[in-house]
Amino acid sequence: MNIRALCEGIKLDLAARQQVCEFQMKEEEYLVYKQHFYFDRFSFFESVKSSEGYRKLLLYLFVRFAVDAYEEYRIRNIEDKIYYDTFSDIQIWCIQCLRDYGEYGIEEYNWLQEHVQLRLFRLGRMQFQPFAMERDLVVDGCRIFTHQIVLNVHIPAGEPLSVQSVEESFKLARAFFRGISPVFICHSWLLDPELSQILNPESNILQFQSQFNIYEIDKSSKEAEERIFNKLNVSPHDYEENTRLQRNAKNFLIAGGKLGSGYGIKVHK
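(A) Representation of the overall build of the protein chain. When helices and strands are counted, the protein chain shows 12 helices and eight strands. Whereas a compact globule of 269 residues would reach a radius of gyration of roughly 18 Å, the protein chain reaches 20 Å, a difference of no more than 12%. For the protein chain, the spread of C-alpha atoms along the principal axes amounts to about 55 × 45 × 35 Å. Per-residue burial for the protein chain yields a buried fraction of 45% across its 269 residues. Within the protein chain, residue pairs in contact and separated by at least 24 positions form 66% of the contacts whose partners lie at least 6 positions apart. Here the protein chain has roughly 14,200 Å² of accessible surface; of this, 47% comes from carbon and sulfur atoms. Across the protein chain, the mean location of the 32 positive side-chain charges is 3 Å away from that of the 38 negative side-chain charges.

Spelled out as structure tokens, the structure:
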């Protein structure tokens, strides 16, 4: 695996691809960064963030880290499609950085560290991450214990969250993580029950939500507004209305409604 093959495989924007390929760094310097990352990630990120143009630097480093991770994928006999799909998050967050900061780079560095350490994989439409449960739960007659390893579900931005793609992802996850009980948890704005007030009952989001038993709601979360409107405003009157979802959400918020996030669990029997 090399930089050009990875960039092509994850469909990194051509301008971002050129930026990465032309980035100037000696191999000895890269190895120092890599050693620092794996030895102490907290101080690594603090150090990198103090550098001028750190977002561009992080894009380059995460591409290199992803290239290096390929060897471990081969050792574990994980297919190339999963490798490219997993690291396509670099493209997603690079475009997010362009939108938010006007440059190709990476700001979501804490999230991408999970990928390069093979602690998260994209299987079809969704991402899955082995996770130690932080509390006891009894759901649908099934007891989940504190510290039990379950699968945390994440939904990357991109194509529609169709019923078929969701079902296929869960199927792929059960096969991929054969040694882990098929218990899925998810913390997302997509699981806020209030979304039923602004969405068609047949919407993909509500169909996804119906897959989970929602056991907790966080109304302090602003994730829903951030995802729907791509930014946060103090007043809902200032939000854009470019889509039906935005229009409905804006009217809901203006009327005094609140959108948060939900915690859900799905137990495959």
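Anyway, onward from the coordinates.
(B) Structural view of the packing of aromatic side chains. Throughout the structure, instances matching the rule amount to 30 aromatic pairs. Ring-pair connections join several aromatic residues into one group, and the members of that group are Tyr30, Tyr33, Phe37, Tyr38, Phe44, Phe45, Phe62, Phe65 and Tyr109. The residue whose ring lies beneath Arg55 is Tyr101, and the NZ or CZ to ring-centre distance is 3.7 Å. Over the aromatic face of Phe170 sits the side chain of Lys266, whose NZ or CZ is 5.0 Å from the ring centroid.

(C) Spotlight on the nonpolar core. One finds Leu61, Phe62, Phe87 and Ile90 to be the most contacted residues of the largest nonpolar core, which totals 75 residues. Top contributing element to this core by residue count: helix α5 (residues 54-75), with 14 residues. Aside from chain neighbours lying at most four places away, what touches Phe62 is Phe45, Ile90, Ile106, Tyr109, Leu112, Gln113 and Val116. In this structure, Leu137, Val150, Val183 and Ile185 belong to the second largest nonpolar core, which totals eight residues.

(D) Geometry of the sheet that holds strand β6 (residues 183-188). One open sheet holds the six strands; their spatial order is β1-β2-β5-β6-β8-β7, and the pairing between them is mixed. Only two strands of the sheet have a single neighbouring strand rather than two, namely β1 (121-123) and β7 (213-218). Between one strand axis and the next, the sheet turns by 30° as a mean value, whatever way the strands run. Where β6 meets strand β8 (residues 261-267), six bridges bridge the pair, whose relative direction is antiparallel. Within β8, the position partnered with Ile185 by the bridge is Ile265.

(E) Spatial organisation of the packing of helix α3 (residues 27-39) against helix α4 (residues 41-49). The contact between α3 and α4 brings their axes to 6 Å, and the two run at 135°. On the basis of their axis angle, the class for α3 and α4 is oblique. Facing Tyr33, His36, Phe37 and Phe39 of α3, the residues of α4 in contact are Arg41, Ser43, Phe44, Phe45, Ser47 and Val48. Here the residues of the contact of α3 with α4 sort into six nonpolar, three polar and one charged.

(F) Geometry of the pairing of strand β5 (residues 149-154). Burial analysis of β5 places five of its six residues in the buried class, the great majority of the element. In terms of strand pairing, β5 meets β6 through two bridges, oriented parallel. Its bridge partner lying in β6, Leu151 is registered against Phe184. With helix α9 (residues 163-176) bridging β5 and the parallel β6, this β-α-β connection has right-handed handedness.

(G) Main features of the pattern of salt bridges. For the structure on display, the rule yields 14 salt bridges. Across the salt bridge formed by Arg76 and Glu72, the nearest N and O atoms sit 3.1 Å from each other. You can call Arg76 partly exposed: its relative accessible area is 45%. By sharing partners, the salt bridges in this structure join Arg55, Glu103 and Glu107 into a single network.

Rules and cut-offs
- Residues numbered from 1 in each chain as written.
- Predicted model: local features only at pLDDT ≥ 70, side-chain atom pairs only at ≥ 80, totals over all residues.
- Heavy atoms only, no water.
- Helix = DSSP H or I, 4+ residues; strand = E, 2+ residues; numbered from the N terminus.
- Rg over C-alpha atoms; globule rule 2.2 N^0.38 Å.
- Buried < 20%, exposed > 50% of the residue type's maximum accessible area, 1.4 Å probe, protein only.
- Contact = heavy atoms within 4.5 Å.
- Areas by Shrake-Rupley, 256 points an atom, 1.4 Å probe, with all protein chains shown as cover.
- Lys, Arg positive; Asp, Glu negative; His and termini not counted.
- Charge placed at Lys NZ, Arg CZ, Asp CG, Glu CD.
- Phe/Tyr/Trp six-rings, centres within 6.5 Å; stacked < 30°, edge-to-face > 60°.
- Lys NZ or Arg CZ within 6 Å of the ring centre and 35° of its normal.
- Core = buried A, V, L, I, M, F, W, Y, C linked by side-chain atoms within 4.5 Å.
- Pairing = 2+ DSSP bridges.
- Axes fitted to C-alpha atoms, helices over the stretch in contact; angles between N-to-C directions.
- Parallel < 35°, antiparallel > 145°, perpendicular 65-115°, else oblique.
- Nonpolar A, V, L, I, M, F, W, Y, C, P; charged D, E, K, R; others polar.
- Right-handed = clockwise from strand over helix to strand, strands pointing away.
- Salt bridge = Lys/Arg side-chain N within 4 Å of Asp/Glu carboxyl O.

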